[in-house]
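This is what each chain is made of:
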Amino acid sequence: MRIDATAAGIVTPEIRLALDKAEVLADSRSYRFCESCGKPGSLRDKRMLYVTCEDLADGAAALPPDEGGGRLDGIAYEYDDEAGDLVVVRVEREGD
């Protein structure tokens, strides 16, 4: 998945953080849903990496799940499957 976003005009730190968080969220979700039908899926490797549901996997085993998430402005996020969103897992303070 690739996302290119360019805001017109002045971009405040709050807007930049919201755009960055939306990109991380979309990336995290892209590893959890079948590329063909949209059902819950897993990353698989059969000569190439792709995400598919069990029904369409064609014998390819699921790879270990990626936690998803990342670090933005000193806050570490992970994707929470139950919430369907990024959740804060650690807030870094100066000196950490």
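In this report, the structure presented in the accompanying data block is examined. Just so you know, these numbers come straight off a predicted model, no measurement behind them.

1. What about the overall build of the protein chain?
Counting its regular elements, the protein chain contains 1 helix and 5 strands. Seen in sequence order, the protein chain has helices and strands lined up from the N terminus as α-β-β-β-β-β. Within the protein chain, the proportion of its 96 residues that are buried is 21%. Of the contacts formed within the protein chain by residues at least 6 apart in sequence, a portion of 23% connects residues at least 24 apart. Carbon and sulfur atoms make up 50% of the accessible area of the protein chain, which amounts to about 7,100 Å² in all.

2. Remarks on the environment of D27
The residue D27 is located in helix α1 (residues 13-30) in this model. Counting along the chain gives 42 residues from D27 to G69, while the straight-line C-alpha distance between them is 8.3 Å.

3. Considering the nonpolar core
The biggest cluster of nonpolar side chains holds 6 residues, and these are V24, L25, L72, Y77, Y79 and L86. Those elements that place two or more of their residues in this core are α1 and β4 (75-80). Residues in contact with L25, not counting those within four places in the same chain, are Y79, G84, D85 and L86.

4. Observations regarding unusual backbone geometry
Not every positive phi belongs to a glycine, and D58 is a case in point at roughly 55 degrees. Mapped onto the secondary structure, D58 falls in the loop between β2 (49-52) and β3 (70-72). Given a relative accessible area of 60%, D58 falls into the exposed group. Notably, D73 is not glycine yet its phi reads approximately 50 degrees, a positive angle. Summarising the element assignment, D73 is placed in the loop between β3 and β4.

5. Observations concerning the side chain of T52
Its location among the elements puts T52 in strand β2. Since its relative accessible area comes to 3%, T52 is described here as buried. For T52, the contacting residues outside a window of four places in its chain are C34, G41, S42, R44 and A57.

6. Re the state of the cysteines
All chains considered together, the criterion is met by 0 disulfides. Looking at the unpaired C37, the closest cysteine sulfur is the one in C34, lying at 3.7 Å. When its relative accessible area of 40% is taken as the criterion, C37 is described as partly exposed.

7. Notes on the pattern of salt bridges
Evaluation of the coordinates by the stated rule reveals 5 salt bridges. R16 serves as the salt-bridge partner of D20, at 4.0 Å between the closest nitrogen and oxygen. You can see D20 and its partner R16 sitting in helix α1, 4 residues apart, about one turn around the helix. For the salt bridge of D58 with K46, the shortest nitrogen-to-oxygen distance reads 3.2 Å. Of this pair, D58 sits in the loop between β2 and β3 while K46 sits in the loop between β1 (42-45) and β2, placing them 12 residues apart in sequence.

Each value, and the rule that gives it
- Residues numbered from 1 in each chain as written.
- Predicted model: local features only at pLDDT ≥ 70, side-chain atom pairs only at ≥ 80, totals over all residues.
- Heavy atoms only, no water.
- Helix = DSSP H or I, 4+ residues; strand = E, 2+ residues; numbered from the N terminus.
- Buried < 20%, exposed > 50% of the residue type's maximum accessible area, 1.4 Å probe, protein only.
- Contact = heavy atoms within 4.5 Å.
- Areas by Shrake-Rupley, 256 points an atom, 1.4 Å probe, with all protein chains shown as cover.
- Core = buried A, V, L, I, M, F, W, Y, C linked by side-chain atoms within 4.5 Å.
- Disulfide = S-S within 2.5 Å.
- Salt bridge = Lys/Arg side-chain N within 4 Å of Asp/Glu carboxyl O.

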